[in-house]
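Each chain is listed here by its residues.
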Amino acid sequence: MKHATTNKTAPPSKFLRKGLCCPDCGPMGIVLLDHCEGNQICNNCGRVLESHMISDEQEWRSFNTESSGGAGSDRNRVGEALDHWTESQVSATTFLGGGKRLQQIQESTSVSNQQDRLLRQAFVQLRSIAECFGLQEHTMERAKEIAKDLQLAGHLKGRCNTLNMLAVTYLACREASLFRTVKELIVYDRSLTERDLARSINKLKKFLPHRGAAFFESASQLLDRFCSRLSLSTNLCSVAEHAVEKACNIVTTAHRPTSMAAGVLFLIVQIFTLEGSDEKMPSISDIARVCSVGEHTVRRTFRELLPIATRILPANFQSQHYEGIQRVLELKK
């Protein structure tokens, strides 16, 4: 009587490793290669014969024929990922040998890459700056667009350095309503000064007068970042935002958003300090450093806010800190 035998489904030939057998199963085991994990596995017992192997397949794959509806797949080796901001949408692969026609194709490819070389160099700088400051992708795309405009205007050559790319980042942040001050940006490179970066920004504005326009800019947008750096609570941040919005509508003299934010923060800190609060408050030097203004600017803005303190502070905050507010108001006498 013959015993029934069950035949396992044969694996595809591309996964088979010819000439290899499992040391435990012998000829009964079929050795397969997992291209995703780089492992040699026995099909019979599951033993891993070798792991982390180097794949002998092609490194890249082109999906141009599949996306265009062509028959079959093109597995030719292709170059680096394409960027829609660059004009050359061809492979960067270098041809070795071949006839005259192949050499002409290579030369035309090299010329096209030379036109985009400056743009790619600028993108590398911008990517490094974006990673340093944690900028989001939409801000990065605006920076690339500004760099592309510089290239089209013929002003990108010689300006792919850190200084000019920081200026491009400054304009991109303004357009994205993600305000970064000049003093914050020069932290990326300590060898640069605020004067150098400001001069570079002004030059870019002359070349591209339509770029870098902020749709809205107010001190309340800066307070979240300032309060976080000063280790202030979210409750105090909400009070400061309310006070800044009221103060901007009442104060008639011109103030930069950073100076107005610094004056409001110092006002709130003084209220807590004079009423003897146990909560640790930042000093005026800390506020001036975080807001990128001078201490005299903080004091001058603070004195202008004293007469309208009761009009800009929230009502519930005034009821909770009545004693501290009265002591602060005595300073103007």
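Just above, that's the structure.
Keep in mind that this is a model prediction, so the values were computed, not measured.

Caption draft 1: Fine view of unusual backbone geometry. A positive phi angle is found at serine 231, which is not glycine, with a value near 60°. Topologically, serine 231 is positioned in the loop between α7 (220-229) and α8 (234-250). Backbone geometry at serine 292 places phi at a positive 60°, although glycine is not the residue there. With respect to the element layout, serine 292 can be found in the loop between α10 (284-291) and α11 (295-305). Serine 292 gets classed as partly exposed once you look at its relative accessible area, which sits at 21%.

Caption draft 2: Local environment of the packing of aromatic side chains. Summed over all chains, the structure comprises 3 aromatic pairs. Ring plane angle 35° and centroid distance 6.4 Å describe the contact between phenylalanine 133 and tyrosine 188, whose orientation is recorded as tilted. Highlighted residues: phenylalanine 133 in helix α2 (residues 100-133) and tyrosine 188 in the loop between α5 (182-185) and α6 (194-207), separated in sequence by 55 residues. When the centroid spacing of 6.1 Å and the interplanar angle of 45° are considered together, the rings of phenylalanine 272 and phenylalanine 317 count as tilted. In this pair, phenylalanine 272 sits in helix α9 (residues 257-274) while phenylalanine 317 sits in helix α13 (residues 315-320), placing the two residues 45 residues apart along the sequence.

Caption draft 3: Just the packing of α9 against helix α14 (residues 322-329), in detail. It is at 8 Å that the axes of α9 and α14 come closest, and there the two elements cross at 110°. Relative to α14, the element α9 lies roughly perpendicular. The interaxial crossing formed by α9 with α14 has right-handed handedness. Residues Leu267, Gln270, Ile271 and Leu274 of α9 form the contact with α14, whose own contacting residues are Gly324, Ile325, Arg327 and Val328. Of the residues assigned to the contact of α9 with α14, the class counts are 5 nonpolar, 2 polar and 1 charged.

Caption draft 4: Region of interest: the environment of asparagine 202. Looking at the element boundaries, asparagine 202 is found in helix α6. Note on asparagine 202: relative accessible area 43%, which makes it partly exposed. Each C-alpha atom, one on asparagine 202 and one on alanine 167, is 8.7 Å from the other, the two residues being 35 residues apart in sequence.

Caption draft 5: Focus on a positive patch on the surface. The grouping of Arg195, Arg199, Lys203 and Lys206 at the surface amounts to a positive patch. Within the secondary structure, arginine 199 sits in helix α6.

Caption draft 6: Quick peek at the layout of surface pockets. For the largest pocket, the calculated volume is near 330 Å³. Considering the residues around the largest pocket, the lining is formed by 15 residues, among which Tyr170, Thr181, Val182, Arg256 and Thr258 are closest to the centre. Looking at the lining of the largest pocket, the elements that each hand over two or more residues are α4 (162-175), α5 and α9. For the lining of the largest pocket, a count of residues per class yields 6 nonpolar, 3 polar and 6 charged.

Caption draft 7: Focus on the packing of α9 against α10. Relative to each other, α9 and α10 sit at 155°, their axes nearing to 10 Å. Relative to α10, the element α9 is oriented roughly antiparallel. The two elements α9 and α10 meet at a crossing, and its hand is right-handed. Contacts from Thr258, Ala262, Leu265, Phe266 and Val269 of α9 reach α10 at Ile284, Ile287 and Cys291. Residue classes in the contact of α9 with α10 are distributed as 7 nonpolar, 1 polar and no charged.

Caption draft 8: Quick look at the nonpolar core. Residues Leu265 and Phe317 are the most contacted members of the largest nonpolar core, which totals 46 residues. Elements supplying a minimum of two residues to this core: α7, α8, α9, α10, α11, α12 (309-312) and α14. Sequence-distant contacts of phenylalanine 317, that is, excluding residues within four places in its chain, are made with Leu236, Val239, Ile268, Ile271, Phe272 and Ile325. Counting 31 residues, the second largest nonpolar core, distinct from the first, contains Phe123, Met140, Leu171 and Leu208.

Caption draft 9: Looking closely at the sheet that holds strand β2 (residues 39-42). Taking strand neighbours across the sheet as the criterion, the 3 strands line up as β1-β2-β3 in an open arrangement whose pairing is antiparallel. If you trace the sheet from one side to the other, it starts and ends with β1 (31-34) and β3 (48-50), each paired once. Taking the axes of each pair of neighbouring strands and ignoring which way they run, one obtains an average angle of 35° across the sheet.

Caption draft 10: Focus on the pairing of β2. Here β1 pairs with β2 via 4 bridges, running antiparallel. Across the sheet, leucine 33 pairs through a bridge with glutamine 40, a residue of β2. Taken together, the 2 bridges between β2 and β3 define a ladder with antiparallel strand orientation. Across the sheet, residue glutamine 40 finds its bridge partner in β3, namely glutamate 50. Between β2 and β3, which follow one another and run antiparallel, lie 5 residues, and glycine 46 among them has a positive phi close to 85°.

Caption draft 11: Representation of empty space enclosed by the protein within the structure. Counting across every chain of the model gives 1 cavity of 30 Å³ or more. Considered as a void within the structure, the largest cavity measures approximately 40 Å³ in volume. If you go around the largest cavity, the residues you meet are Leu126, Ala130, Leu135, Thr139, Met140, Ala143, Thr169 and Ala172. Counting only elements with at least two residues in the lining of the largest cavity, the list comes to α2, α3 (137-152) and α4. Take the lining of the largest cavity: its biggest share by element is 3 residues, from α3. Counted by class, the lining of the largest cavity contains 6 nonpolar, 2 polar and no charged residues.

Definitions and cut-offs
Chains are numbered independently. Their residues run from 1 in the order of the written sequence. Only residues with pLDDT of 70 or above have their local features reported here, since the model is predicted, and side-chain atom pairs are shown and tallied only from 80 upward, although totals for entire chains, interfaces and linings are computed over all residues. Hydrogens are left out, water is left out, and the side-chain values use all remaining heavy atoms of the structure. Only DSSP runs of H or I with at least four residues qualify as helices, and only runs of E with at least two residues qualify as strands; both kinds are numbered from the N terminus onward. Throughout, exposure labels follow a simple rule: accessible area from a 1.4 Å probe, protein chains only, divided by the maximum for the residue type, with under 20% read as buried, over 50% as exposed, and the rest as partly exposed. Two rings from Phe, Tyr or Trp (for Trp, the six-membered ring) form a pair when their centres are within 6.5 Å of each other. A pair whose planes differ by under 30 degrees is stacked, one over 60 is edge-to-face, and the rest are tilted. Only the contacting stretch of a helix is used when fitting its axis, a line to C-alpha atoms as for every element, and angles between N-to-C directions run 0 to 180 degrees. Reported orientations rely on four angle classes, namely roughly parallel under 35 degrees, roughly antiparallel over 145, roughly perpendicular from 65 to 115, and oblique for the rest. A crossing counts as left-handed when the near helix is turned anticlockwise from the far one by less than a right angle, and as right-handed when that turn is clockwise. What makes two residues a contact is simply this: any of their non-hydrogen atoms within 4.5 Å. Put simply, Ala, Val, Leu, Ile, Met, Phe, Trp, Tyr, Cys and Pro go in the nonpolar bin, Asp, Glu, Lys and Arg in the charged bin, and everything else, Gly too, in the polar bin. Like-charged residues are merged into a patch within 9 Å and nonpolar side chains (Val, Leu, Ile, Met, Phe, Trp, Tyr) within 5 Å, provided each residue has over 30% relative accessible area and no salt bridge. Accessible surface is estimated by sampling points in the Shrake-Rupley manner with a 1.4 Å probe; for residues, cover comes only from the protein chains shown. By definition, a salt bridge exists where a carboxyl oxygen of Asp or Glu is found within 4 Å of a side-chain nitrogen of Lys or Arg. Charge counting follows a simple rule: Lys and Arg are positive, Asp and Glu are negative, and His as well as the terminal groups are ignored. Lys charges are placed at NZ, Arg charges at CZ, Asp charges at CG and Glu charges at CD. Both site types are read off a 1 Å grid over the protein atoms alone. A 1.4 Å probe that fits but cannot get out defines a cavity, while an open set with protein on both sides within 12 Å along at least five of seven lines defines a pocket; lining residues have an atom within 4 Å of a point. Grid points are joined across faces, edges and corners, and a volume is the space filled by probe spheres set on the points. Throughout this description, the term nonpolar core refers to a set of buried Ala, Val, Leu, Ile, Met, Phe, Trp, Tyr and Cys residues connected via side-chain atoms within 4.5 Å. Paired strands, as defined in this entry, are two strands with at least two bridges between them according to DSSP.

Everything listed here is a matter of geometry and, on its own, says nothing about what the molecule does.
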